[in-house]
Every structure is written in structure tokens, then in C-alpha cells.
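Overview (structure and organization)
If you want the building blocks of each chain, they are given just below.
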Amino acid sequence: GGPLPDTHYEVLPRLTTACDLYGLGILAVRTLLTHSGRPLPVAVDELLSLARRAAEATGEDLPTRIAVVMSSDERFDEVLGARHLMVETAGDAAADALVPDRLWVRVLAMMVRCMTGATKDAWRHDLGDAPEGAPEKVFDGLLDDLYALIRGCRGLLVNTRGQSREIRDVVRGCLSAL
């Protein structure tokens, strides 16, 4: 290796699956927060503003801090509320009534954590931040959040009360036969 005068070069940053995690966060914003009257760049900018404010807020975990910010600043509830799920179909009040606030702040927290390098709450600090030899580990936090959200919204999707009552009746019938 000798010096090569007048050689042009460019240093390319190392990119890993943390890029894909960021991309999944953008897809979540696109899916849950945009509609014909609200373009993707505006929704992403609002989410990043919320992320920065939540990073400064007091609270134990990210969903709690997001709830504090959204309750203290009505603008965030207006621009990032659950009403954006159904704007094109049923309108503002329908989604707010269907999606509890405690569940929606967890959805927003999941999206914030996907924004690689945006705040201290992101799962990855930069686009090259992935475990050596196990790039798939980047998605572990996202999967944990998704499973928790599925468990949290199961009651919204499936009438578990009726099923629980039916199962309880079957168990009682079996126990009484003994």
C-alpha cells in the first residue's frame, strides 16, 4: 500500500439492519398516522417532535412520558391522536372512542423506538448499530412491543368475555360431574 496522489475517495457509513428498523417505523407512521389530508413527512415530523419532548419529560417509561406530553400539550393529541386511524371512514370521534389512550400511547412509543438515532429512547443509536454476528437482534425490541400490543388490544378485537364465560361454564360442569 503506497500513497496514490489525486485519488478521490468517499467514506461510506456502515449500514446494518438498524436501517430496516427505521424503515419499519416509517411504515408504521405511514399506516397509522397518514391519510389523504396528511402527508407522510408531516406525520413523521410530528412524531419526532413528540419523541424529543417525551425524552425531556419526567416519567418512568416512554409510554408514560408520551402520555404526559400528550395531556399537557393538546397539539400532540390533535396531530398524533388515534383519530388518524379512521379519518377517511368514520371520522375523528370513532377511533378515539375505540382505542383507549393507554393503548395508543404504547403504539406511539413503539413507533418512536423504531426511529433509529432520533432520541435516547430509540432501540438503536445509529444506522450501523447492530450486534456483531446477530443482525436480527435489532428487531427483538420491536417484536416484544408488538406482542405486548397484540395482548393489549385482544379485548378490542375479540369478545373474550363471552368466551371466558363459556369456558368457565364448561369447567364448572366438568368439576360438578366429579
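None of the values given here were measured: they were computed from a predicted structure. (Residues numbered from 1 in each chain as written. Predicted model: local features only at pLDDT ≥ 70, side-chain atom pairs only at ≥ 80, totals over all residues. Heavy atoms only, no water.)

**Digging into the side chain of Thr 119**
Put simply, the rule is: Numbering of helices and strands runs from the N terminus, with a helix taken as a DSSP run of H or I at least four residues long and a strand as a DSSP run of E at least two residues long. Between two residues, a contact is recorded if the distance between any of their heavy atoms is within 4.5 Å.
If you trace the backbone, Thr 119 turns up in the loop between α6 (101-114) and α7 (140-157). Beyond its immediate chain neighbours, meaning those up to four positions away, Thr 119 contacts Ala 51, Arg 52, Ala 55 and Val 112.

**Describing the nonpolar core**
Cut-off, in case you're wondering: We call a set of buried Ala, Val, Leu, Ile, Met, Phe, Trp, Tyr and Cys residues a nonpolar core when their side-chain atoms join them within 4.5 Å. Each residue is placed in one exposure class: buried if its accessible area under a 1.4 Å probe, protein chains only, is under 20% of its type's maximum, exposed if it is over 50%, and partly exposed if it falls in between.
Of all hydrophobic cores here, the largest spans 38 residues; its most connected members are Leu 50, Ile 66, Leu 108 and Met 111. Elements with a contribution of two residues or more to this core: α1 (18-33), α2 (40-56), α3 (62-72), α4 (74-80), α6 and α7. The biggest single contributor to this core is α6, with ten residues. Not counting residues up to four positions away in its chain, the partners in contact with Met 111 are Ala 28, Val 29, Leu 32, Leu 33 and Leu 47.

**Examining the packing of α3 against α6**
Filter applied, for reference: Note on geometry: axes are lines fitted to C-alpha atoms, helical ones only across the stretch in contact, with angles between N-to-C directions running from 0 to 180 degrees. Each angle receives one of four descriptions, namely roughly parallel if under 35 degrees, roughly antiparallel if over 145, roughly perpendicular if within 65 to 115, and oblique otherwise. Should the near helix be turned anticlockwise from the far one by less than a right angle, the crossing is left-handed, and should it be turned clockwise, the crossing is right-handed.
Between α3 and α6, the shortest axis-to-axis distance is 9 Å and the interhelical angle comes to 110 degrees. What the angle tells us is that α3 and α6 run roughly perpendicular. The crossing of α3 and α6 is right-handed. When α3 is examined against α6, the residues Leu 62, Pro 63, Ile 66, Ala 67 and Met 70 are found in contact with a partner set consisting of Val 105, Arg 106, Leu 108, Ala 109, Val 112 and Arg 113.

**Some words on the packing of aromatic side chains**
Rules: Each aromatic pair joins two rings of Phe, Tyr and Trp (for Trp, the six-membered one) with centres within 6.5 Å, and gets the label stacked for planes under 30 degrees apart, edge-to-face for over 60, and tilted for any other angle. Whether a charge sits over a ring depends on NZ of Lys or CZ of Arg being within 6 Å of the ring centre and within 35 degrees of the ring normal.
Enumeration according to the criterion identifies zero aromatic pairs in this entry. Lying over the aromatic face of Phe 76, Arg 75 brings its terminal NZ or CZ to 4.3 Å of the ring centre.

**Points about the side chain of Thr 17**
Note on placement: Thr 17 falls in the segment before α1. Owing to a relative accessible area of 17%, Thr 17 belongs among the buried residues under this scheme. Among all residues touching Thr 17, those that are not within four sequence positions of it are Ala 130, Pro 135, Val 138 and Phe 139.

**A short note on the packing of α1 against α6**
Applicable threshold: Any residue that is not Ala, Val, Leu, Ile, Met, Phe, Trp, Tyr, Cys, Pro, Asp, Glu, Lys or Arg is counted as polar, Gly included; the first ten are nonpolar and the last four charged.
At their nearest, the axes of α1 and α6 sit 7 Å apart, and the two run at 145 degrees to each other. Crossing angle aside, the handedness with which α1 passes α6 is left-handed. Within the contact between the two elements, α1 uses Leu 21, Tyr 22, Gly 25, Ala 28, Val 29, Leu 32 and Leu 33 and α6 uses Trp 104, Val 107, Leu 108, Met 110, Met 111 and Cys 114. Taken together, the residues of the contact of α1 with α6 break down into twelve nonpolar, one polar and no charged.

**What about α3?**
As a reminder, the rule being used: Our arc is simply the arc of the directions from the helix axis toward the C-beta atoms.
Of all the residues in α3, the buried ones are Leu 62, Pro 63, Arg 65, Ile 66, Val 69 and Met 70. Angularly, the buried residues of α3 cover 160 degrees about the axis, an arc narrow enough to put them on a single face. Turned more than 90 degrees from where α3 packs its buried face, Ser 71 and Ser 72 sit exposed. Against α2, α4 and α6 lie the buried residues of α3.

**What about α6?**
What counts is decided by this rule: The span one expects for a helix is its residue count, reduced by one, times 1.5 Å.
A rise of 1.5 Å per residue sets the reference length of α6, with its 14 residues, at 20 Å; its end C-alpha atoms lie 20 Å apart and thus fit the reference within 8%. The buried count for α6 comes to eleven of 14 residues, which makes it a mostly enclosed element. All buried positions along α6 are accounted for by Leu 103, Trp 104, Val 105, Val 107, Leu 108, Ala 109, Met 110, Met 111, Val 112, Arg 113 and Cys 114.

**A short note on unusual backbone geometry**
For residues that are not glycine, phi is negative in most cases, and the peptide bond is trans in most cases. A positive phi angle, close to 55 degrees, is found at Asp 6, a residue other than glycine. Tracing the chain through its elements places Asp 6 in the segment before α1. With a relative accessible area of 76%, Asp 6 lands in the exposed category.

**Description of the pattern of salt bridges**
Where we set the bar: For salt bridges, the criterion is a side-chain nitrogen of Lys or Arg within 4 Å of an Asp or Glu carboxyl oxygen.
Taken as a whole and judged by the stated rule, the model has seven salt bridges. When the shortest N-O distance is used, the salt bridge between Arg 124 and Asp 129 registers 3.8 Å. Neither residue differs from the other here; Arg 124 and Asp 129 are each classed as buried.

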